[in-house]
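Residues per chain, in single letters:
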Amino acid sequence: MAKRLKDNLSSSYFEAANKLNSKNSRHKIVAYVESYDDIFFWRSVLSKFENDRCYFQVTLPSRTPHLERGKKAVLMSLVQGKTGSNMIACVDADYDYLLQGRTAVSQEIVSNPYVFHTYAYAIENLQCYAPSLHDVCVAVTLNDHEIFDTAGFLQRFSEIIYPLFVWNIWYYRSPSYADFTMTDFLHCIETGSFRFSEAPAVLERLRRKVSRKCEELSHRNPTARESYQALKDNLRTLGVEPHNTYLYIQGHHLFDKVVTPLLANICTRLVREREEEISRQSVHSTQARNELSCYMNSISDIPQMLKKNYGYQDSEPFARIRADVARFMQQIYPDRKGKTEEESH
């Protein structure tokens, strides 16, 4: 039974299935992902590379015990399946990308040519891509009045938390990572609920809190100046800059604790603004009720709109993902012959 399970999961199994198809059939590449929400995201990545020779099937690891989900289940499927040109894994980077091989999982993420990752911490970070958030507000409220600079807020938020974020990665790259965990870091950068009109004061409180914590960590590690600076330089090569740090913090914290509450506050104001406009312009109360009913039935849910947000396709992490897939496709289908390497032998 165990052997049959392994065979069903193997890349060679999918390869054999592909060979049963006629020569005119397209080659199927199975892409395992971590969760249901990841299917839509990775479809948006991989569909651009489908052609008359191949296509991707984005799916969950269906044969794992007890319907296990997550990165571990995906990577285990590859270990059991002996990855190849017929099977890939698509996962969130988490901190594993920034750890650059210092753990077994990180090594798998950064070195396995059949494992693709988000570069940003998770898909939630990309869904919250700052330049696209005004468009999300418009999609939710059908009101194109920009009453708050969401991109500017996330840039300032990132610049403030950046020094502390570097410290968090510094600890995770050291044996003493438990002394300043991700949970500790997220607790330090909590903003709490606030009205967007209060954003400057909220950011100033955050700046003071982060500054105090950075001073504490500096005193605790008096010999870390050079290694801290070296880490900052290394993180820049990985895409982490002061202005975009929000892309690399825990995705659920960004999505649930920062962006969604902020957009909810903005969208509430935009909906009220549209309702007042309808009331002013209506000739009589019946028309006002009908228009308001029509409008309220047309507005959308913020989390769902964020999950369907395509704005991340203009981001640098997304460009890196596409470059990785392009290299993979070039390896499988070299332009000079249009065949896989295996077909060439």
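Residues numbered from 1 in each chain as written. Predicted model: local features only at pLDDT ≥ 70, side-chain atom pairs only at ≥ 80, totals over all residues. Heavy atoms only, no water.

Participant: Would you mind showing me how to read the pairing of strand β3 (residues 87-91) here?
Facilitator: The element β3 is extensively covered by neighbouring structure, given that five of its five residues are classed as buried. Alternating residues of β3 divide into M87, A89 and V91 and I88 and C90, and every residue in both groups is buried. Alignment of strand β1 (residues 27-33) against β3, held across four bridges, turns out to be parallel. Note on β3: the bridge partner recorded for Y32 is A89. Of the strand pairs in this sheet, β3 and strand β4 (residues 115-117) are connected by three bridges, and their pairing is parallel. When the bridges of β4 are listed, C90 appears paired with F116. (Buried < 20%, exposed > 50% of the residue type's maximum accessible area, 1.4 Å probe, protein only. Helix = DSSP H or I, 4+ residues; strand = E, 2+ residues; numbered from the N terminus. Pairing = 2+ DSSP bridges.)

Participant: Is there a simple way to think about the side chain of N86 in this case?
Facilitator: You can see N86 is positioned in the loop between α4 (71-81) and β3. N86 sits in the buried class, given a relative accessible area of 1%. A distance of 2.9 Å separates polar atoms of two side chains, one belonging to N86 and the other to H27. (Polar contact = N/O pair within 3.5 Å; in protein donor to acceptor, adjacent residues only side chain to side chain.)

Participant: So what exactly am I meant to see when it comes to the nonpolar core here?
Facilitator: Grouped burial of nonpolar side chains is what soluble globular proteins tend to show. The biggest cluster of nonpolar side chains holds 91 residues, and the ones touching the most others in it are I88, L154, F157, F185 and I189. Tallying contributions element by element places helix α9 (residues 150-172) first for this core, with 13 residues. Residue contacts for L154: discarding those within four places in its chain leaves C128, A130, L133, H243, Y246, L254, V258 and V259. Among the nonpolar cores identified, the runner-up in size contains five residues, and L75, A89, V91 and I109 belong to it. (Core = buried A, V, L, I, M, F, W, Y, C linked by side-chain atoms within 4.5 Å. Contact = heavy atoms within 4.5 Å.)

Participant: I would appreciate a short explanation of unusual backbone geometry in the present structure.
Facilitator: As a rule of thumb, non-glycine residues mostly have phi less than zero, and peptide bonds are mostly trans rather than cis. A positive phi angle, near 50°, is found at D94, a position not held by glycine. Tracing the backbone shows D94 in the loop between β3 and α5 (96-99). The class of D94 is partly exposed, set by a relative accessible area of 23%. Residue Q100 is not a glycine yet carries a positive backbone phi of 50°. Note on placement: Q100 falls in the loop between α5 and α6 (104-111).

Keep in mind these numbers describe shape, not what the thing actually does.
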